[in-house]
Amino acid sequence: MLDYPEEYRDGYVIFMGQRFITDKRALIPRLETEELVKYCLKLLEKNPHIQTIADIGTGSGIIPISLFSKAGRPLTVFATDMSQEALDLAKENLQKMKNDEWRMTNEGIFFLQGDLLQPLIRALQNFTPEEILITANLPYVREVEINLWLIHEPRMAFLGGVQTGFELYERFFDQLLAWKERPKKTHIVIEFWLWQRDIAETVFQKHGLQYSFFADLRGIERFAYIC
Ligand SMILES: C[S@@+](CC[C@H](N)C(=O)[O-])C[C@H]1O[C@@H](n2cnc3c(N)ncnc32)[C@H](O)[C@@H]1O
């Protein structure tokens, strides 16, 4: 049996140079997700018209809080999760950063509970930005693999589906394409599992999406940019 994770015992992790509270309410942030954040920071730099970002399946909030604090310009930020417990943790992380590190009080992130893009679509009903960046590190593990490793972290943070583990992302893209009023320019950056690149490519091609892949530090293509 896997040992109780050190990160839960310590109660924090360092991600993108900042200290985040971590506990059993959400997935322990993984180092490789820093590559997604770094890519998004460059994307924001190259696209000054992006003023709205949304992170889907935010867990402890590492992605939106890192982007919010490091983008170097004001952004309207949404963070969604199916798990209210994870959102509570993400809110605590935002509050902690404001109190301890940033010493700022006014700006915030809108935390929304619900399934994938649905709470974002509802929130943007009366205000659709021209351009948006959507990030997602959704669960991508297959059910059969879960019992091998998943002992201490929430099951909801891992389970991507039964066949490929990419099923939740497939629903994400179905919701995106059914969103009639979506921003004219929608940039999406996602993280998935080691061997899901070709499955992801099939889904993107099926929907006629433009995409490119980028690699983690070991050179494995497990991130995609879709526009
Ligand atoms: C792999 S964890 C990633 C957490 C965080 N983004 C990170 O990188 O550390 C996936 C997150 O998606 C959430 N989630 C699972 N199913 C969801 C759904 N249908 N809609 C929204 N969020 C979901 C889980 O609760 C979990 O917090």
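Residues numbered from 1 in each chain as written. Predicted model: local features only at pLDDT ≥ 70, side-chain atom pairs only at ≥ 80, totals over all residues.

(A) Region of interest: the overall build of the protein chain. Helix and strand content of the protein chain: 8 helices and 11 strands. The C-alpha radius of gyration of the protein chain comes to 17 Å, within 12% of the 17 Å expected for a compact globule of 227 residues. In terms of overall dimensions, the protein chain has a C-alpha envelope of 45 × 45 × 30 Å along the principal axes. Here the protein chain holds 227 residues, and 34% of them are scored as buried. The contacts in the protein chain between residues at least 6 apart in sequence include a share of 68% that link residues at least 24 apart. (Helix = DSSP H or I, 4+ residues; strand = E, 2+ residues; numbered from the N terminus. Rg over C-alpha atoms; globule rule 2.2 N^0.38 Å. Buried ≥ 20, exposed ≤ 12 C-beta atoms within 10 Å, placed from the backbone. Contact = placed C-beta atoms within 7 Å.)

(B) Focus on the sheet that holds strand E10 (residues 211-215). Spatial strand order, E5-E4-E3-E6-E9-E11-E10: 7 strands in an open sheet with mixed pairing. If you trace the sheet from one side to the other, it starts and ends with strand E5 (109-113) and E10, each paired once. Here the strands of the sheet are splayed against their neighbours by 20° on average, with no regard to which way each runs. Here 5 bridges tie strand E3 (residues 52-56) to strand E4 (residues 76-81), and the two strands are oriented parallel to one another. Across the sheet, Asp55 pairs through a bridge with Ala79, a residue of E4. Those strands touched by helix H2 (residues 33-46) are strand E6 (131-136), strand E9 (185-191), E10 and strand E11 (221-226), and its axis lies near 160° from that of E9. Packed on one face of the sheet, helix H3 (residues 62-70) meets E3, E4, E5 and E6 and runs near 160° to E3. (Pairing = 2+ DSSP bridges. Axes fitted to C-alpha atoms, helices over the stretch in contact; angles between N-to-C directions.)

(C) Representation of the pairing of E11. The sheet contact formed by E9 and E11 spans 4 bridges and is antiparallel. Bridge pairing in E11 places Glu191 opposite Phe223. Across 5 bridges, the pairing between E10 and E11 is antiparallel. Each residue of the ladder has a partner; that of Phe213, found in E11, is Ala224. In textbook terms, the turn of a hairpin is the stretch between consecutive antiparallel strands, and for E10 and E11 this stretch comprises 5 residues, one of which, Gly219, has a positive phi near 85°.

(D) Region of the structure containing the nonpolar core. Judged by nonpolar contacts, the single largest core of 53 residues is most densely connected at Ile56, Tyr169, Phe172 and Ile190. For this core, the element with the most residues is helix H4 (residues 84-102), which contributes 6 residues. When residues no more than four places from it in sequence are discounted, the contact partners of Ile56 are Thr80, Leu116, Leu117, Ile134, Ala136, Leu138 and Phe172. (Core = buried A, V, L, I, M, F, W, Y, C linked by C-beta atoms within 7 Å.)

(E) Examining the environment of Glu6 more closely. One can find Glu6 in helix H1 (residues 6-10). Classification of Glu6 as exposed rests on a count of 9 C-beta atoms within 10 Å. Along the primary structure Glu6 and Ile28 are separated by 22 residues, whereas in three dimensions their C-alpha atoms are 9.9 Å apart.

(F) Structural context of the site of the ligand. The ligand sits among 23 residues. The nearest are Gly57, Gly59, Met82, Ser83 and Asn137. When contributions to the shell around the ligand are tallied by element, the ones reaching two or more residues are H3 and E4. Across the shell around the ligand, the residue classes break down as 13 nonpolar, 8 polar and 2 charged. (Near = placed C-beta within 6 Å. Nonpolar A, V, L, I, M, F, W, Y, C, P; charged D, E, K, R; others polar.)

(G) Region of interest: H2. Taking 1.5 Å of rise per residue, 14 residues should cover 20 Å, and H2 covers 20 Å from first to last C-alpha, within 8% of that figure. Where H2 is concerned, the buried positions are Thr33, Leu36, Val37, Cys40 and Leu44. One side of H2 carries all its buried residues, which in axial view fall inside an arc of 95°. Residues of H2 that are exposed and point over 90 degrees away from its buried face: Lys42, Glu45 and Lys46. If you follow the buried residues of H2, they end up packed against H3, E6, E9 and E11. (Expected span 1.5 Å × (residues − 1). Arc of directions from axis to C-beta.)

(H) Up close: the environment of Val189. By the secondary structure assignment, Val189 is in strand E9. For Val189, a count of 24 C-beta atoms within 10 Å puts it in the buried group. When the C-alpha positions of Val189 and Ile134 are compared, they lie 6.4 Å apart, and in sequence the two are 55 residues distant. Once residues lying within four places of it in the same chain are set aside, the contact partners of Val189 are Leu36, Tyr39, Cys40, Thr135, Phe223 and Tyr225.

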